[in-house]
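# Examination of the molecular architecture
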Amino acid sequence: MLSDLVDLVLPASCALCHRPAGPLCPDCRRAVDDCLHPSPRLALPSPLPPGMPSCWVSGEASGALRAVVTAYKDENRRDLRQTLGAWLAPAMRAALGDSAPALRAMRGRGLVVVPVPGSPRARRRRGDVPLMPLVTSAVVGLGGCVVVADVLSATRVTRDQSTLDAGERASNLAGAMAVRARHRPSLEGAVCVVVDDLVTTGATLAEAARALREAGAGEVLSAAIGATRKRAGPVRTFP
Ligand SMILES: [Zn+2]
């Protein structure tokens, strides 16, 4: 609310080049457009982590797209929430369109959309969970019954993932997430969509899905804004 008011008074600068045209100037927006696929694709990390749910992404997690996500999460550019939400939305629609159980859930008991939990260290540093408002923005307009719920928590301290390879990430995250006790009853048989911002090895999505299935989720899908190029195959596109 406060940032919305400040934006009315002080036009924001571009989050990438800092020229006075926010939250992204036309040039930087075009640079991001070059990272977005014409239609969402399935992310296919290699090797595929055991148990990773099928994951649809809207673009390639590189260059300008990665820089915008970093600006949103770590440079206090929360005014990019709707911009990023609009880039996540096509991947979410593709994930749902690919899943009959998800469409049934949206017409019935409700689809549970679950942002991956940040590490406790990241939560402390940022003071909030930046994925939450982004995901909430992305689900507007999906239609049907959709609930965004922060049901997962980190169970222990994990190492910074950025310097780890696929095998190290998997062991770093094994058993690192759990469903909060108060949410367990509502997850029994539920259809869940795990959402992350960018996918690298898929280890985070695999661990989130493991925790949800362990808590009784009936079906787990996933979606993200982007995936790293060498791991996002053009094998299937949507529709
Ligand atoms: Zn710019």
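Our subject in this report is the structure included herewith.

### Observations regarding the overall build of the protein
Each helix and strand counted, the protein has ten helices and eight strands in total. For the protein, the C-alpha radius of gyration of 17 Å lies close to 18 Å, the compact-globule estimate for 239 residues. Classification of the 239 residues of the protein by burial places 49% in the buried group. Within the protein, counting contacts between residues at least 6 apart in sequence, those at least 24 apart form 76% of the total. Carbon together with sulfur atoms contributes 56% to the accessible area of the protein, which is approximately 11,200 Å² in total. One way to put it: in the protein the 30 positive side-chain charges average out to a point 3 Å from where the 21 negative ones average out.

### Quick notes on the packing of aromatic side chains
Following the criterion strictly, the structure yields zero aromatic pairs and no others. Across from the ring centre of Tyr72, 5.3 Å away, lies the NZ or CZ of Arg78, which sits over that ring.

### Digging into the packing of helix H8 (residues 166-173) against helix H10 (residues 203-214)
Running from N to C, H8 and H10 cross one another at 30°; their axes reach a closest spacing of 9 Å. In this view, H8 runs roughly parallel relative to H10, as classed from their interaxial angle. Between H8 and H10 lies a crossing whose hand is right-handed. Here Arg169, Ala170 and Leu173 of H8 lie close against H10, whose contacting residues are Ala203, Thr204 and Glu207. Broken down by class, the residue content of the contact of H8 with H10 amounts to three nonpolar, one polar and two charged.

### Looking at the nonpolar core
Core analysis: the biggest nonpolar cluster contains 72 residues, and Met92 and Leu212 have the highest contact counts within it. For this core, the leading source of residues is helix H4 (residues 81-97), giving eight residues. Residues contacting Met92, with those up to four places away along its chain left out, are Val113, Ala138, Val139, Leu142, Val193, Val195 and Ala223.

### Examining the coordination of the zinc ion
The zinc ion binds to the protein through Cys14 (SG), Cys17 (SG), Cys25 (SG) and Cys28 (SG), with metal-donor distances spanning 2.3 Å. Seen from the zinc ion, its four donor atoms lie at angles of 103 to 118°, and the figure they make is tetrahedral. Site description for the zinc ion: donor spacing in sequence, C-x2-C-x7-C-x2-C. Note that Cys14 is positioned in the loop between helix H1 (2-9) and helix H2 (26-33) and Cys28 in helix H2, a separation of 14 residues in sequence. The pair Cys14 / Cys28 is uniform in exposure class, with both members buried.

Calculation notes
- Residues numbered from 1 in each chain as written.
- Predicted model: local features only at pLDDT ≥ 70, side-chain atom pairs only at ≥ 80, totals over all residues.
- Heavy atoms only, no water.
- Helix = DSSP H or I, 4+ residues; strand = E, 2+ residues; numbered from the N terminus.
- Rg over C-alpha atoms; globule rule 2.2 N^0.38 Å.
- Buried < 20%, exposed > 50% of the residue type's maximum accessible area, 1.4 Å probe, protein only.
- Contact = heavy atoms within 4.5 Å.
- Areas by Shrake-Rupley, 256 points an atom, 1.4 Å probe, with all protein chains shown as cover.
- Lys, Arg positive; Asp, Glu negative; His and termini not counted.
- Charge placed at Lys NZ, Arg CZ, Asp CG, Glu CD.
- Phe/Tyr/Trp six-rings, centres within 6.5 Å; stacked < 30°, edge-to-face > 60°.
- Lys NZ or Arg CZ within 6 Å of the ring centre and 35° of its normal.
- Axes fitted to C-alpha atoms, helices over the stretch in contact; angles between N-to-C directions.
- Parallel < 35°, antiparallel > 145°, perpendicular 65-115°, else oblique.
- Left-handed = near helix turned anticlockwise from the far one by under 90°.
- Nonpolar A, V, L, I, M, F, W, Y, C, P; charged D, E, K, R; others polar.
- Core = buried A, V, L, I, M, F, W, Y, C linked by side-chain atoms within 4.5 Å.
- Donors = N, O, S within 2.8 Å, 3.2 Å for Na, K, Ca; no water.
- Tetrahedral: all angles 85-135°; square planar, octahedral: opposite > 155°, others 65-115°.

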